[in-house]
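Fold and contact review
Letter by letter, the chains look like this.
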Amino acid sequence: MANVAHEYTVVALVQDRPGVLNRVSSMFRRRGYNIVSLAVGHSEKVGLSRMTFVVDCDDATIDQVRKQLDKLIEVIEVTDMTELASVTRELALIKVASSPETRSEIIQLVDIFRANIVDVTADSVIIEVTGDENKVDSLLTLLEDFGIVEIMRTGRIAIPRGMATP
Amino acid sequence: MKLTGGQIVCESLLQEGVTDIFGLPGGAMLPLYGTLPQYPQINHILVRHEQGAAIAADGYARATGNVGVCWATSGPGATNLVTGLANAMMDSVPLVAITGQVGRPAIGKDAFQETDVTGVTLPVTKHNYLVMHASEISGAIKEAFYIARTGRPGPVLVDIPKDVFTEVAEFVYPDSVDLPGYRPAFEPDVKNIETAAEILNSAKRPVILAGHGVILSKASSELRELAEKAQIPVITTLLGISSFPESHILSMGMPGMHGVAWASYALHEADVILSLGARFDDRVTGDLRRFAPDSKKIHFDIDAAEIGKTVSTSVGVVGDLKLGVQKLIPMVNQGNHPEWIRRIEQLRDEHPSLQIRKTSKLLPQYILKKISEITESKAIIVTGVGQHQMWAAQHCAFEEPGTLITSGGLGTMGFEVPAAMGAKVARPDKVVWSIAGDGGFQMTLSELATIAENNIDVKFAILNNNFLGMVRQWQEFFYESEYTATHYTGNPDFVKLADAYGLVGIRVEDAADVEGAIRQAMNTPGAVIVDFMVEQEENVFPMIPAGESIYELMEEPSEIEEPV
């Protein structure tokens, strides 16, 4: 198991200061850790932000990722969410080519996935979908035939269930 | 009290007990230099190159255990500090560097002498600051010193724009720091120490691997108590040298690439390795897959990220080493490993490293042995990087903690000149010998002017082989003796050079003159440069080639000449 690569989800609570994202990303770059996705936003505490990392690595490496992150002065807390009971989500905006003939079929798919159409033009629609990566990937696969013009994905965010908030 | 930013810097430094600063001015630093005459308590030592300032502060810090301070101007001044910062980062040396930055309106405009200094130094500092208001200077300096000296020590840089030095603000020096993400002073977990003690108590062939952490946490007496109680041999890494008296019966010396063979074999055969403030560096371990395969590793370190970084450990004890070892001592059994001690004696007999052969040639090993003998192991020995460094580690005997000051992790050639200067400024009571190679010496010899100007009494021993000796050795062993770009054919006359700086120079070409020259240097007031014209193609043995293991250890060819 030790050397099997795996996607880990790590959440860091950080001080909201200029350069903190640079410090964090620089540490990943310098030590050769592979970030699959990174999402940053304000936390419930003033002056603190949360970063969610998805890292593709093995057990020994994720241990190092956690410790090296924790070593950064502006990083307050690091939680490995991989094994925790948690809710994970990703938001994607997908621009798909559409015509009067295909539009209704696209709307049907969007309904099935409980996604939303947030913009329509004569030749395209923008779909907003929220879910785990599998759901987003599945919708993308189905939309491919219509012609995907552009995709924006936020990367994964994660929060633990219950009161044990990291 | 309303003060200018420049005054706030100086007041803050006084609050931190700073007495000496190594620096060099420039445009962005002029307002700070303008306030310096108001602070005669601060001794500013004007260097000739900013790398010298950073490395002198490093030597200063290592010689005292206090934070070393250097400063430089924006742009090239700051970038010249980078090697010294990287060196301090690798070797966990507490430094605070202050740099001038271009004025706030000019930041980001590619102004004259503008460099993104916090960006450049981010990976080579423990932390850094860009201070945008005079009111924030004292807090940043307070935090910088706190971060530099606590936990795993390291360099911290504070970058201050020129117009912040002239801005006026209320000066208040904070009593405490507010760093919610930084919790350095934690006591090690007793449960882990108990596990460590259990493993040690059932060991048949234990060794202690003592690193720089022992010196940094001032845990030498605890190390000795532990080793003596449990009768565990002590192996010291390059930076761990001097943490344990080498005259002690349990002292085993340095292992690894150029370590003594018996220490490398003992590490290999051990069933338990107790690492105290060492980090299983590649120069110690060689090929990790074949390193000490039958051993359990117990790892004490203040830095949690060191546990499991290169080798997997049975138990890690994170926290202050001195506290950890104090707690461990009562838990370990009175030791008794007669078979293991006998086995090590046998290894010493079978693999007799460090013999100096009898020859009329001037051997560097002999010179180092003599310096060590004449100074009675009481001097601070500072080295650069390369063959001379390894010979110093091997042939000088160290008894007192902190008496070897050397660039370990980064391997900074030229370290020997400014670091010795810094060590002597910090410890004027100590004899300081700088052991130099002719290559490294020429990288930083501009500081001879600083040494002359401030009458800093450093004795230099240049082991001059007109080669980049260690690189030449690798070329001999691994590149068919193709000595590309390692032969120095245009070296200056170092005796004349000494004279040019108003220092005393002595040339030694004959082994018979070694002792006399060392004594003459010691008896001459002020800095002296002894230029030892040593055997050119001498090699450092033993050697385990990079990335190899104990099975590839090359011992000194014994057939060449008679051992002494």
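Values in this document were obtained by computation on a predicted structure and should not be read as measured data. (Residues numbered from 1 in each chain as written. Chains lettered and ligands numbered in written order. Predicted model: local features only at pLDDT ≥ 70, side-chain atom pairs only at ≥ 80, totals over all residues. Heavy atoms only, no water.)

Bringing the domain arrangement of chain A into the picture now. Residues and elements named next belong to chain A. As assigned here, chain A comprises domain 1 (6–80) and domain 2 (87–159). Counting from both sides, the interface comprises eight residues of domain 1 and, opposite them, five residues of domain 2. A combined buried area of about 500 Å² lies between domain 1 and domain 2, and 50% of that area is made up of carbon and sulfur atoms. Of all residues in domain 1, the largest losses of buried area upon contact with domain 2 belong to Thr9, Ala39 and Thr52, amounting jointly to 53% of the total for that side. Seen at the junction of domain 1 and domain 2, the total is one salt bridge. Across the contact surface, domain 1 and domain 2 share three residue pairs in polar contact (both at pLDDT 80 or more). Breaking the side of domain 1 that touches domain 2 down by element, the ones donating at least two residues are strand E1 (6–15), strand E2 (35–42) and strand E3 (48–57). Considered class by class, the residues forming the side of domain 1 that touches domain 2 number four nonpolar, three polar and one charged. (Domains from an automatic or database assignment. Contact = heavy atoms within 4.5 Å. Buried area = accessible area lost by both parts, 1.4 Å probe. Salt bridge = Lys/Arg side-chain N within 4 Å of Asp/Glu carboxyl O. Polar contact = N/O pair within 3.5 Å; in protein donor to acceptor, adjacent residues only side chain to side chain. Helix = DSSP H or I, 4+ residues; strand = E, 2+ residues; numbered from the N terminus. Nonpolar A, V, L, I, M, F, W, Y, C, P; charged D, E, K, R; others polar.)

Right, let's get into helix H22 (residues 514–523) of chain B. Residues and elements named next belong to chain B. Buried within H22 are the following residues: Val514, Ala517, Ile518 and Ala521. What you see down the axis of H22 is that its buried residues fit within an arc of 100 degrees, all on one side. On the buried face of H22, the contacting elements are helix H15 (364–374), strand E17 (432–437), strand E18 (458–464), strand E19 (504–508) and strand E20 (528–533). (Buried < 20%, exposed > 50% of the residue type's maximum accessible area, 1.4 Å probe, protein only. Arc of directions from axis to C-beta.)

At the interface, 18 residues of chain B touch 16 residues of chain A. Roughly 1500 Å² is buried in total at the junction of chain B and chain A, and carbon and sulfur atoms are behind 51% of that figure. Run the count over chain B and chain A and you get two salt bridges. Taking the shortest distance from any N to any O, the salt bridge between B:Arg183 and A:Asp70 comes out at 4.0 Å. At the junction of chain B with chain A, the criterion picks out six residue pairs in polar contact (both at pLDDT 80 or more). Classifying every residue of the side of chain B that touches chain A by side-chain character gives nine nonpolar, four polar and five charged.

Time to look at the sheet that holds strand E15 (residues 380–383) of chain B. Residue and element names in this part refer to chain B. Taken together, the six strands give an open sheet; going across it, the order is E16-E15-E17-E18-E20-E19, and neighbouring strands pair in parallel fashion. The open sheet has two edge strands, strand E16 (404–405) and E19, and neither has a second partner. Most of the contacts of helix H17 (residues 416–426) go to E17, to which it runs at about 175 degrees, and overall it touches E15, E16, E17 and E18. (Pairing = 2+ DSSP bridges. Axes fitted to C-alpha atoms, helices over the stretch in contact; angles between N-to-C directions.)

As a further point, take the sheet that holds strand E6 (residues 127–130) of chain B. All names here are of chain B. A sheet is described by the order of its strands in space; here six strands give the open sequence E3-E2-E4-E5-E7-E6, paired in parallel fashion. On the outer flanks of this sheet lie strand E3 (43–46) and E6, each paired with one strand and no other. Between one strand and the next, the sheet's axes are offset by a mean angle of 20 degrees, whatever the strand orientation. The sheet contacts of helix H3 (residues 50–64) involve strand E2 (20–24), strand E4 (68–72) and strand E5 (95–101), and relative to E4 the element is tilted by about 170 degrees.

This part is about the domain arrangement of chain B. Residues and elements named next belong to chain B. According to the domain assignment, chain B contains domain 1 (2–170), domain 2 (190–350) and domain 3 (364–540). Computed from C-alpha atoms alone, the centre-to-centre distance between domain 2 and domain 3 is 30 Å. For the pair domain 2 and domain 3, the two sides together bury roughly 1300 Å², of which 64% comes from carbon and sulfur. Sorting the residues of domain 2 by area buried against domain 3 places Leu238, Ser242 and His258 first, and these three jointly supply 45% of that buried surface. For the pair domain 2 and domain 3, the interface holds zero salt bridges. Its residues assigned to classes, the side of domain 2 that touches domain 3 comprises eight nonpolar, four polar and three charged.

Where side chains of opposite charge bring their charged atoms close, a pairing between them can arise. On inspection of all chains with the given rule, the structure shows 44 salt bridges over all chains. Among the ionic pairs, B:Arg289 bridges to B:Asp287, the shortest N-O distance being 3.3 Å. Since its relative accessible area comes to 72%, B:Arg289 is described here as exposed. Given a relative accessible area of 10%, B:Asp287 falls into the buried group. Here B:Lys378 and B:Glu376 are joined by a salt bridge, their closest N and O atoms 3.6 Å apart. Each of A:Lys71, B:Arg152, B:Asp303, B:Glu306 and B:Lys309 takes part in one network of salt bridges that share partners.

Quick look at the pairing of E3(A) now. Residues and elements named next belong to chain A. Buried residues dominate E3, accounting for nine of its 10 residues. Note that E1 and E3 share 10 bridges and pair antiparallel. Each bridged residue has a counterpart across the sheet, and for Val14 the counterpart in E3 is Ser49. Strand direction decides the pairing type here: E2 and E3, joined by seven bridges, are antiparallel. Bridging from a neighbouring strand, Ser37 pairs with Val54 of E3.

Residue and element names in this part refer to chain B. Inspection of every chain in the model, using the stated rule, returns 13 aromatic pairs over all chains. Aromatic rings pair up to connect Trp474, Phe477, Phe478 and Phe541 into one cluster. A cation over a ring is seen here: Arg472 above Phe467, with NZ or CZ 5.8 Å from the ring centre. (Phe/Tyr/Trp six-rings, centres within 6.5 Å; stacked < 30°, edge-to-face > 60°. Lys NZ or Arg CZ within 6 Å of the ring centre and 35° of its normal.)

Bringing the environment of B:Gly335 into the picture now. All names here are of chain B. You can see Gly335 is positioned in the loop between helix H13 (321–328) and helix H14 (338–350). For the pair Gly335 and Asn466, spaced 131 residues apart in the sequence, the C-alpha separation amounts to 50 Å. Setting aside residues up to four positions removed in sequence, Gly335 forms contacts with Lys229, Ala230 and Gln231.

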